[in-house]
Amino acid sequence: PNQLYEALHDFGLRGNELAEFKQSFDRYVRHGELRGDLLSFLWRHLPVRSQDYKNIIRMLIKSGVIIPVQNEHNKTIAVVPFFLPDKKPSDFSVAWPTKPNADGVQLEMVAVFYPPGLPTGLPERFAAEVHRFGTTVCSWKDGDVVIPSKN
């Protein structure tokens, strides 16, 4: 973490910008969501001009590296399945309690993927596509916990 903060400081992020960046970086690491404010930092060592970002993103979408998903606010987010964690998070039971609150409703949808004959990347794509149903609480390569939107 200290190296990251040093790099962010060297990159010129301060105050509110740093707080927003940390939130975007957390969504990237924990949920595979790539937000625009991360691009210039992530690609800082590449000989890429910011005006080329749209074309690069378009190429990454066409090749399946990035999956565009409409979120609950009707905003398109970019999910990078490659960056979803391999394993279910250790705090999964906190995100998905075994018994819902008295005033809450809990719906569970399970998709089981059997590896033989399974197209490469299908579980990751499924996990990325689920982002469209609401607010993602935790994600991993073959699962998500999502609070559904009211719509």
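Notes on the structure follow.

Cut-offs and rules
Residues numbered from 1 in each chain as written. Predicted model: local features only at pLDDT ≥ 70, side-chain atom pairs only at ≥ 80, totals over all residues. Heavy atoms only, no water. Helix = DSSP H or I, 4+ residues; strand = E, 2+ residues; numbered from the N terminus. Buried < 20%, exposed > 50% of the residue type's maximum accessible area, 1.4 Å probe, protein only. Contact = heavy atoms within 4.5 Å. Areas by Shrake-Rupley, 256 points an atom, 1.4 Å probe, with all protein chains shown as cover. Pairing = 2+ DSSP bridges. Salt bridge = Lys/Arg side-chain N within 4 Å of Asp/Glu carboxyl O. Core = buried A, V, L, I, M, F, W, Y, C linked by side-chain atoms within 4.5 Å.

**Section: the overall build of the protein chain**
Step number 1: Counting its regular elements, the protein chain contains six helices and five strands.
Step number 2: When the elements of the protein chain are put in sequence order from the N terminus, they spell out α-α-β-α-α-β-β-α-α-β-β.
Step number 3: Taking all 151 residues of the protein chain together, 30% fall into the buried category.
Step number 4: The contacts of the protein chain with a sequence gap of at least 6 include a subset with a gap of at least 24, amounting to 47%.
Step number 5: As presented, the protein chain carries roughly 10,600 Å² of accessible surface, and 56% of it is formed by carbon and sulfur atoms.

**Some remarks on the sheet that holds strand 2 (residues 67-70)**
Step number 1: With antiparallel pairing, three strands are arranged side by side in an open sheet as 1-3-2. A single partner strand is all that each edge strand has here, and the edge strands are strand 1 (33-34) and strand 2.
Step number 2: Relative to strand 3 (residues 76-79), strand 2 is paired through four bridges, and the arrangement is antiparallel. What sits directly across from Gln 70, in strand 3, is Thr 76.

**Remarks on the pattern of salt bridges**
Step number 1: Using the criterion set out here, one finds three salt bridges in the structure.
Step number 2: With a closest N to O distance of 2.8 Å, Arg 27 and Glu 33 form a salt bridge. Side by side, Arg 27 and Glu 33 carry an identical accessibility label, which is buried.
Step number 3: Notably, a salt bridge pairs Arg 49 with Asp 52, separated by 3.1 Å at the nearest N-O pair.
Step number 4: Counted as one network, the salt bridges with shared partners bring together Arg 27, Glu 33 and Arg 35.

**Observations regarding the side chain of Glu 33**
Step number 1: Along the chain, Glu 33 falls in strand 1.
Step number 2: If we skip the residues at most four places from it in the chain, Glu 33 touches Ser 24, Arg 27, Tyr 28, Ile 77, Ala 78, Val 79, His 131 and Thr 136.

**Notes on the nonpolar core**
Step number 1: By size, the foremost hydrophobic cluster in this structure holds 16 residues, and its most contacted members are Leu 8, Phe 21, Leu 34, Leu 39, Trp 43 and Ile 66.
Step number 2: Excluding its chain neighbours within four sequence positions, the residues that come into contact with Leu 8 are Leu 13, Leu 18, Phe 21 and Phe 41.

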